[in-house]
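Given next are the chains, with one letter for each unit.
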Amino acid sequence: MRRGNKGLLTILGLILLALGIFQLGWWLPIPGLSAWSLEMSYTQMAWLKYVLAGAVIITGIVGLGLVVIGIFKPIREKQWQFTNRLGMLEVPQAALEKTLRHQLVEQVGLVDPRVTVKLLRHRRARVTAIAQVSATDQIDPLAQQASQVIDAYLQQQLDLTAVKPVVRLSPVDRQRHVSVV
């Protein structure tokens, strides 16, 4: 579960749980809370009080469930699981992207590459690399070489097939952009 979703569920659950406790003050003697909630309920119609109490108790139960989910469900980062006859290996997506960035810098000589990888079904991956090259380099051969490096790394190291790796290179002066698919 993502960190933001976990915080949102916890806050929402706490609000709903507090609302359920407020409504329980109608039926159970809770010091201070019971007198205040009963005073509030006399201003409403008699049948509306029971309908509202049932709805809020159900909401409180749902809120308690959200609090439990928000507290106890672990935070997960994007990982890929690779299995073979030796066992299972979990590789974080950020580690794979970082390794591809280093491969592109070392083998092709790209400047500040940004790599995104998305795992698809049937052991395929969609890769996008955006980088800069020095103004004196030819962009087309470097883009082809970067695409080959991506294909080779994914195929040899992880046994994945890159589906149309997209390499976008631009010179450092940013006068023209070339996209090689």
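For the structure, check the block above.
To start, this report covers the structure provided alongside it. Here the structure is a predicted model, which is why all the values come from computation and not from measurement.

## Digging into a positive patch on the surface
Stage number 1. Together, R2, K78, K118, R124 and R126 give the surface a local cluster of positive charge.
Stage number 2. With respect to the helices and strands, R2 occurs in the segment before helix 1 (3–24).

## Some remarks on the nonpolar core
Stage number 1. By size, the foremost hydrophobic cluster in this structure holds 28 residues, and its most contacted members are L96, L104, L110, V117, I150, L154 and L169.
Stage number 2. Only strand 1 (79–83), helix 4 (93–108), strand 3 (111–120), strand 4 (124–133), helix 5 (139–158) and strand 6 (166–171) provide two or more residues apiece to this core.
Stage number 3. By residue number, the principal contributor to this core is helix 5, which donates nine residues.
Stage number 4. Excluding anything up to four places from it in sequence, L154 contacts L96, A125, V127, D159, L160 and A162.

## Quick notes on helix 4
Stage number 1. Its 16 residues give helix 4 an end-to-end C-alpha distance of 22 Å, which sits within 8% of 22 Å, the value for a rise of 1.5 Å per residue.
Stage number 2. Of all the positions in helix 4, only Q93, L96, E97, L100, Q103, L104 and V108 are classed as buried. Looking straight down helix 4, one finds that the buried residues subtend no more than 120° of arc, so they occupy a single side.
Stage number 3. If you follow the buried residues of helix 4, they end up packed against strand 1, strand 2 (88–92), strand 3, strand 4 and helix 5.
Stage number 4. Looking one or two residues beyond helix 4, the residue adopting positive phi is G109, at roughly 85°.

## Points about the packing of helix 4 against helix 5
Stage number 1. Interaxial distance between helix 4 and helix 5 falls to 10 Å at its minimum, and their mutual angle equals 135°. As judged from the angle between their axes, helix 4 and helix 5 are oblique. Both helix 4 and helix 5 take part in a crossing whose hand is right-handed. Across the interface between the two elements, L96, T99, L100, Q103, L104, Q107 and V108 from helix 4 touch L142, Q145, A146, V149, I150, Y153, L154 and L158 from helix 5.
Stage number 2. Of the residues contributing to the contact of helix 4 with helix 5, the split by class is 11 nonpolar, four polar and no charged.

Conventions adopted
- Residues numbered from 1 in each chain as written.
- Predicted model: local features only at pLDDT ≥ 70, side-chain atom pairs only at ≥ 80, totals over all residues.
- Heavy atoms only, no water.
- Patch = residues over 30% accessible without salt bridge, like charges linked within 9 Å, V, L, I, M, F, W, Y side chains within 5 Å.
- Areas by Shrake-Rupley, 256 points an atom, 1.4 Å probe, with all protein chains shown as cover.
- Salt bridge = Lys/Arg side-chain N within 4 Å of Asp/Glu carboxyl O.
- Lys, Arg positive; Asp, Glu negative; His and termini not counted.
- Charge placed at Lys NZ, Arg CZ, Asp CG, Glu CD.
- Helix = DSSP H or I, 4+ residues; strand = E, 2+ residues; numbered from the N terminus.
- Core = buried A, V, L, I, M, F, W, Y, C linked by side-chain atoms within 4.5 Å.
- Buried < 20%, exposed > 50% of the residue type's maximum accessible area, 1.4 Å probe, protein only.
- Contact = heavy atoms within 4.5 Å.
- Expected span 1.5 Å × (residues − 1).
- Arc of directions from axis to C-beta.
- Axes fitted to C-alpha atoms, helices over the stretch in contact; angles between N-to-C directions.
- Parallel < 35°, antiparallel > 145°, perpendicular 65-115°, else oblique.
- Left-handed = near helix turned anticlockwise from the far one by under 90°.
- Nonpolar A, V, L, I, M, F, W, Y, C, P; charged D, E, K, R; others polar.

Remember that the coordinates give geometry; whether it matters functionally is a separate question.
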